[in-house]
Amino acid sequence: MAKDTLTITDNRTGKTYEVPISEGTIRALDLRQITVDKDDFGLMTYDPAFMNTASCRSSITYIDGDKGILRYRGYPVDQLAENASYLEVAYLLINGELPTEAELDKFTDDVTHHTFVHENVRTFIDGFRYDAHPMGMLCASVSALSTFYPEAKHVMDRDIRRAQMVRLIAKMPTLAAWSYRHAMGMPFVYPSNELSYSANFLQMVKRIAEPKFEVHPEIVKALDVLFILHADHEQNCSTNVMRSVGSSRADPYVAVAGAAAALYGPLHGGANEAVLRMLREIGSLANVPAFIKEVKSGVGGRLMGFGHRVYKNYDPRAQVIKRLADKVFDLIGKKSPLLAVALELEKIALSDDYFVSRKLYPNVDFYSGLIYEALAIPVDMFPVMFAIPRTSGWLAQWEEMLLDKDQKIARPRQIYTGYDERKFVQMKDRTAAVATPELKSNARETD
Ligand code: ACO
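Let me begin by describing the structure that accompanies this report. Computed from a predicted model, the values in this text were never measured in an experiment. (Residues numbered from 1 in each chain as written. Predicted model: local features only at pLDDT ≥ 70, side-chain atom pairs only at ≥ 80, totals over all residues. Heavy atoms only, no water.)

**Here we look at the overall build of the protein**
Of the regular secondary structure elements, the protein holds 17 helices and five strands. Taken against the 2.2 N^0.38 rule, which gives 22 Å for 447 residues, the C-alpha radius of gyration of the protein at 24 Å falls within 12% of a compact globule. Each principal axis of the C-alpha atoms in the protein carries an extent, and together these give about 80 × 70 × 60 Å. Counting over 447 residues, the protein shows a buried share of 45%. Considering only residue pairs separated by 6 or more positions, the protein has 72% of its internal contacts joining residues 24 or more positions apart. Entry remark: accessible area of the protein is about 24,000 Å², with carbon and sulfur atoms responsible for 54%. (Helix = DSSP H or I, 4+ residues; strand = E, 2+ residues; numbered from the N terminus. Rg over C-alpha atoms; globule rule 2.2 N^0.38 Å. Buried < 20%, exposed > 50% of the residue type's maximum accessible area, 1.4 Å probe, protein only. Contact = heavy atoms within 4.5 Å. Areas by Shrake-Rupley, 256 points an atom, 1.4 Å probe, with all protein chains shown as cover.)

Next comes the structure, spelled out in structure tokens:
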């Protein structure tokens, strides 16, 4: 009869071991019993970049890359984008269930009444150089919030923890908008309690001297949808950082700063910016065939916004975003000249055997940059636009980690490849060290 176990024969010793299989995995620690002699530490797995290691059990986000499925707490992301607001989705991620009307009202009220930041934060942001990158300012200022809420370090106290989660969701748009305003040399705009989460963010970014800020509700909805689509994506690079920093019981402000720093990297939160730069470089429809030829020959780099490590059928977020892009361009009344280039690239790529055989489809970033561009949001702000909604996902994952009895401080093992013990060399006896050759990285992962 079939058993849920794995039998391993160690050919070094001839011994056989049986380890349990549960939820499609074996426990790495079950391998530790496999030793060659009593001094042997025991077998480990080598898995740089966690390519085949589940670091946690999670009930927040489900992805099936082959089928193009993305669900938050069981709900398909396109249904959430169609029917819910971003705050409703943030509530769902954090609490596991969609809120009732009363629960959503309370949550919205809590978030709305925590959007202001201490006035010293304003001075702090003011202190950055005139040309500081908004993402650098966001990382630093969210980390600085830790100093305003020293009680936040009591992460195992539910009430305290929940208060910081609300604060973070509420204050990230303020910090993000102020980082942008500082970079633009414009005065800061304070939050407005009358506006929704996304409308408030837009007014803090865009408002100049209008006594009443007005924006088309469909534009607000479009931003809300973008926020929903970026809210969580299971164990991606920045979420892994959030869990890892949080595993030392550091407070959530510094943990979010760490996660945002990971998101800042061009291999993670920067792909939509790369798409826009690529579209600008191609410039016109006439240049599309030559560009595709270059991509296929391998000399022209990649078709940015295409392909995904997990989604090998289609990226469910991309389909929602494409519809959204059409809507936003219609509302604004002018189409970006780059849209035609994007559409042509997509048309060719979806019918070309090079892309089809490699299962390369448009991903979430292919159209999101064009929408941000249409909303006159500069490319430097794109990772910031990602960090705002991802905060709710980071926090949901952080709390799940804290409450998970299986979790401890994150502390991977290594395979030591350095010297054996050496005797200390006095300065006068040393020769110049040979420079370490630069290692070539082939990493391209984004999420
Ligand atoms: N354009 C052209 N060729 C591509 C592309 C692309 N965008 N993506 C993959 N390929 C090719 C590779 O050259 C390779 O070809 P080969 O088998 O002939 O060598 C094959 O497809 C497989 O590529 P891998 O790099 O092994 O695929 P992987 O799953 O590791 O990469 C990734 C996924 C990093 C997203 C990749 O598709 C890529 O670089 N895309 C462009 C960047 C991008 O849009 N990133 C955003 C991802 S979504 C998000 O972050 C929210």
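After that view, the rundown keeps rolling.
**Considering helix α13 (residues 316-332)**
Helical geometry note: an α-helix holds 3.6 residues per turn, so side chains three or four residues apart project in the same direction. The terminal C-alpha atoms of α13, which comprises 17 residues, lie 25 Å apart, in line with the 24 Å expected from a rise of 1.5 Å per residue. For α13, the complete set of buried residues consists of P316, R317, A318, V320, I321, L324, A325, V328 and F329. Of the surrounding elements, those touching the buried residues of α13 are β4 (69-72), α1 (77-83), α8 (217-229), α14 (337-351) and α16 (365-374). The N-capping residue of α13, defined by a side-chain oxygen 3.0 Å from the backbone nitrogen of R317, is D315. G333 sits one or two positions beyond α13 and adopts a positive phi of about 85 degrees. (Expected span 1.5 Å × (residues − 1). Polar contact = N/O pair within 3.5 Å; in protein donor to acceptor, adjacent residues only side chain to side chain.)

**Let's talk about the nonpolar core**
Among the nonpolar cores identified, the biggest contains 116 residues, and Y72, I169, F201, L279, L303, L345 and L370 are the most heavily contacted of them. For this core, the leading source of residues is helix α17 (residues 382-403), giving twelve residues. Ignoring anything within four residues of it in the chain, the contact list for Y72 reads I60, T61, V77, L80, V89, L92, L93, I228, L229, H230, A231 and D232. (Core = buried A, V, L, I, M, F, W, Y, C linked by side-chain atoms within 4.5 Å.)

**Here we look at the pattern of salt bridges**
Applying the stated criterion across every chain, the model contains 21 salt bridges. Between D10 and R12 there is a salt bridge, with its nearest N and O atoms 2.8 Å apart. Here E399 and R162 are joined by a salt bridge, their closest N and O atoms 2.6 Å apart. Here the residue E399 occupies a position in helix α17, and R162 occupies one in helix α6 (residues 158-184), the gap between them amounting to 237 residues. (Salt bridge = Lys/Arg side-chain N within 4 Å of Asp/Glu carboxyl O.)

**Digging into the layout of surface pockets**
The space that makes up the second largest pocket amounts to roughly 280 Å³. Looking at the second largest pocket, it is lined by 15 residues, and the ones nearest its centre are N95, F107, D110, R162 and V166. Mapped by element, the contributors of at least two residues to the lining of the second largest pocket are α2 (86-95), α3 (101-112) and α6. At seven residues, the largest contribution of residues to the lining of the second largest pocket is made by α6. For the lining of the second largest pocket, the residue count by class is seven nonpolar, two polar and six charged. (1 Å grid on protein atoms, 1.4 Å probe; cavity = no way out; pocket = protein on both sides within 12 Å on 5 of 7 lines; lining within 4 Å. Points joined across faces, edges and corners; volume = space filled by probe spheres on them. Nonpolar A, V, L, I, M, F, W, Y, C, P; charged D, E, K, R; others polar.)

**Some thoughts on the packing of helix α7 (residues 197-206) against α8**
Where α7 contacts α8, the axes come no closer than 8 Å and their chain directions differ by 105 degrees. By the angle between their axes, α7 is roughly perpendicular relative to α8. Contacts from Y197, S198, A199, F201 and L202 in α7 reach I219, V220, L223, D224 and F227 in α8. Grouping the amino acids of the contact of α7 with α8 by side-chain chemistry returns eight nonpolar, one polar and one charged. (Axes fitted to C-alpha atoms, helices over the stretch in contact; angles between N-to-C directions. Parallel < 35°, antiparallel > 145°, perpendicular 65-115°, else oblique.)

**Notes on empty space enclosed by the protein**
According to the stated counting rule, one finds one cavity of 30 Å³ or more in the structure shown. A volume near 60 Å³ is recorded for the largest cavity. Around the largest cavity, the lining residues are L87, V111, T112, T115, S192, L195, S196, Y197 and N200. At the level of secondary structure, the elements contributing two or more residues to the lining of the largest cavity comprise α3 and α7. Considering only residue class, the lining of the largest cavity consists of four nonpolar, five polar and no charged.

**Re the sheet that holds β4**
Strands sit in the order β3-β4-β5 across an open sheet of three strands; the sheet is antiparallel. Looking at the sheet topology across the chains shown, the edges are occupied by β3 (61-64) and β5 (75-76). (Pairing = 2+ DSSP bridges.)

**Focus: the packing of aromatic side chains**
All chains considered together, the criterion is met by 15 aromatic pairs. For the pair Y86 and F227, a centre-to-centre distance of 5.7 Å together with 70 degrees between the ring planes defines the contact as edge-to-face. Taken together, the residues span a long stretch of sequence, with Y86 in helix α2 and F227 in helix α8 at a distance of 141 residues. Look at Y86 and you get buried, because its relative accessible area is 0%. The buried category is assigned to F227, whose relative accessible area is 0%. For the pair F306 and F355, a centre-to-centre distance of 6.3 Å together with 65 degrees between the ring planes defines the contact as edge-to-face. (Phe/Tyr/Trp six-rings, centres within 6.5 Å; stacked < 30°, edge-to-face > 60°.)

**Considering the side chain of E400**
Summarising the element assignment, E400 is placed in helix α17. When sequence neighbours within four positions are dropped, the list of residues in contact with E400 reads R57, S58, S59, I60 and R243.

**Regarding a nonpolar patch on the surface**
The grouping of F41, M44, Y46 and I415 at the surface amounts to a nonpolar patch, some 440 Å² of accessible area in total. Following the sequence through the fold, M44 ends up in the loop between β2 (15-20) and β3. On the accessibility criterion, M44 (33% relative accessible area) is partly exposed. (Patch = residues over 30% accessible without salt bridge, like charges linked within 9 Å, V, L, I, M, F, W, Y side chains within 5 Å.)

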